[in-house]
Amino acid sequence: MDVVSEPSATGTAARPRPEAHRVRAEIDLAALRANVRALRERAAGTGAGLMAVVKADAYGHGMVPCARAARRAGADWLGTATPEEALALRAAGDRGRLLCWLWTPGGPWREAIEADVDVSASDPWALGEITAAARARGRTARVHLKADTGLGRGGCQPAGWEALTAAARAAEAEGTVKVTGVWSHFACADEPGHPSIAAQLAAFREALATAARAGLDPEVRHIANSPATLTLPEAHFDLVRTGVSVYGLSPSPEVGVPADFGLRPVMTLRARLALVKRVPAGHGVSYGHHYTTPGETTLALVPAGYADGVPRHASGGGPVLVAGKWRTVAGRVAMDQFVVDLGGDAAAEGDEAVLFGPGDAGEPTAEDWARAVGTIGYEIVTRIGARVPRVHLNAEA
Ligand SMILES: *Cc1c(COP(=O)(O)O)cnc(C)c1O
């Protein structure tokens, strides 16, 4: 069963067949399920469970269908950044264990507690809002306490950790809270061997010991993201939190390529040529005329631009498979379109341009785009625009 998620602005009146879309992101749910199974097996090797991270619309792949596929492939937990994402999963019928960690004061704690979402606290302000919401709701909140073991982003600094764990223990005694998790996050796991990795592991063990001394007995202790899951078994603890690897991308070239870990990229971004035309030598191409045709040639218009997530930094550098060959974006990427120079080759309107995919049909990968524009594969897939339909292939009935 294939499912097309239309961008909201399109409405239902003028819905083209999937293969007739101007541009579309095909999401191979069979590949996603196989990735989840491979990661789950890797985690099981150390006795850990698997959380599939589906924040940011499942890294641009469409949250609800991807969450469903991940559950079906055995993900023990789902993870989101925001409570809104977690509540959207519940509204779509998701019922398993679910953690969300990015909270701001006044957030929807009551709704999350009511929806059986595990929440996270890095600081007494959050624990205070959680206990207040739990009391008001007459229900025990499930809380993961987050330690800053060196990332310097979220999490509680070591200086405040003893007090935070003691306050959480007091809330447990009162019945408003159950500390189900103690967790942290790596800064440099995508650079295997980086000295901060061992330092963070030691700090995490210290934080766990402090929590135990406070009388906490969490169900899951977790710190591993995708790179740590793939390269650092001693960091698995009870649960690994994998995001980018679920979508078949490697966290970084230093970690390896997806195939090294039995992973396959899930998203293929395809467009259909809107125009193919002959132009004379010396013709400027696209805004600013940063490309000029070196001779009489054929130009092809690819109807996808930065509004669709094609980075403007890919101007003059982004790779795309058209008419059987890798081409490079000629001149600037515009909001809705860019041009490629086909040289002496032929193509026709409606022919396919593949921006990226798994790479085994000769197309570039998201990693190739990341290299071309100086970013990471994560950003390439996550920034695909809201007006690009996600076509979910191979959904299980
Ligand atoms: C995004 C995120 C992850 C997943 O990271 P990947 O490198 O994509 O596996 C895990 N934990 C937290 C806290 C995150 O924000």
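For the structure, check the block above.
In this text, all values refer to a predicted model and were calculated from it rather than measured experimentally.

Each value, and the rule that gives it
- Residues numbered from 1 in each chain as written.
- Predicted model: local features only at pLDDT ≥ 70, side-chain atom pairs only at ≥ 80, totals over all residues.
- Heavy atoms only, no water.
- Helix = DSSP H or I, 4+ residues; strand = E, 2+ residues; numbered from the N terminus.
- Rg over C-alpha atoms; globule rule 2.2 N^0.38 Å.
- Buried < 20%, exposed > 50% of the residue type's maximum accessible area, 1.4 Å probe, protein only.
- Near = heavy atom within 4 Å.
- Polar contact = N/O pair within 3.5 Å; in protein donor to acceptor, adjacent residues only side chain to side chain.
- Areas by Shrake-Rupley, 256 points an atom, 1.4 Å probe, with all protein chains shown as cover.
- 1 Å grid on protein atoms, 1.4 Å probe; cavity = no way out; pocket = protein on both sides within 12 Å on 5 of 7 lines; lining within 4 Å.
- Sits in = over half its atoms within 2 Å of the grid points.
- Contact = heavy atoms within 4.5 Å.
- Pairing = 2+ DSSP bridges.
- Axes fitted to C-alpha atoms, helices over the stretch in contact; angles between N-to-C directions.
- Parallel < 35°, antiparallel > 145°, perpendicular 65-115°, else oblique.
- Left-handed = near helix turned anticlockwise from the far one by under 90°.
- Nonpolar A, V, L, I, M, F, W, Y, C, P; charged D, E, K, R; others polar.
- Points joined across faces, edges and corners; volume = space filled by probe spheres on them.

Enquirer: Quick question: what am I supposed to make of the overall build of the protein chain here?
Expert: Summing up its helical and strand segments, the protein chain has 11 helices and 20 strands in all. Its C-alpha atoms give the protein chain a radius of gyration of 24 Å, near enough to 21 Å, the size a compact globule of 397 residues would have. Principal axes of the C-alpha set define a box for the protein chain whose edges measure 80 × 50 × 35 Å. Counting only residues that meet the buried cut, the protein chain has 52% of its 397 residues in that class.

Enquirer: Could you clarify how one ought to interpret the site of the ligand in this entry?
Expert: Of all residues adjacent to the ligand, which total 14 residues, the nearest are Lys55, Tyr59, Ser226, Gly243 and Tyr378. One nitrogen or oxygen atom from the side chain of Ser226 is found 2.5 Å from an oxygen atom belonging to the ligand. Here Tyr378 contributes a side-chain N or O atom positioned 2.6 Å from an oxygen atom of the ligand. The fraction of the free accessible surface of the ligand (390 Å²) that becomes covered by protein chains is 94%. Taking a 2 Å distance to the grid points as the criterion, the majority of the atoms of the ligand fall inside the largest pocket. If you list the elements that add at least two residues to the shell around the ligand, you get helix H2 (55–60), helix H9 (226–231) and strand E10 (239–242).

Enquirer: Honestly, the side chain of Asn35 in this entry has me stumped. Any pointers?
Expert: With respect to the helices, strands and loops of the structure, Asn35 is situated in helix H1 (residues 29–44). Discounting chain neighbours no more than four positions away, the residues touching Asn35 are Ser245, Val246, Tyr247, Gly248, Gly262, Leu263, Arg264 and Val266.

Enquirer: Teacher, can you tell me more about the sheet that holds strand E5 (residues 97–100) here?
Expert: If you walk across this open sheet you meet the eight strands as E5-E4-E3-E10-E9-E8-E7-E6, and the pairing is parallel. Of all the strands in the sheet, just E5 and strand E6 (119–121) have a single pairing partner and so form its edges. Averaged over all pairs of adjacent strands, the angle between their axes in this sheet comes to 30°, without regard to strand direction. The pairing of strand E7 (residues 141–146) with strand E8 (residues 177–183) spans six bridges and is parallel. From the neighbouring strand, Val143 faces E8, where its bridge partner is Val179.

Enquirer: It is not clear to me how the packing of H1 against helix H3 (residues 63–72) should be interpreted in this structure. Could you clarify?
Expert: For any two helices packed against each other, one specifies the crossing angle of their axes together with the interaxial distance. H3 packs onto H1 with a crossing angle of 45° between their chain directions and a minimal axis gap of 9 Å. Comparing the axis directions of H1 and H3 gives the class oblique. Crossing of H1 over H3 shows right-handed handedness. Here Leu29, Leu32, Arg33 and Val36 of H1 lie close against H3, whose contacting residues are Pro65, Cys66, Ala69 and Ala70. Considered class by class, the residues forming the contact of H1 with H3 number seven nonpolar, no polar and one charged.

Enquirer: Sorry, what's going on with empty space enclosed by the protein here?
Expert: Picture a little ball the size of a water molecule; that probe, rolled over the atoms, points out where space is still empty. Using the criterion set out here, one finds two cavities of 30 Å³ or more in the structure. Each pocket or cavity is described by its volume, and for the largest cavity that value is around 40 Å³. Taken together, Leu269, Gly309, Val310, Pro311, Leu355, Phe356, Trp369, Ile380 and Ile384 make up the full set of residues lining the largest cavity. Split into classes, the residues belonging to the lining of the largest cavity amount to eight nonpolar, one polar and no charged.

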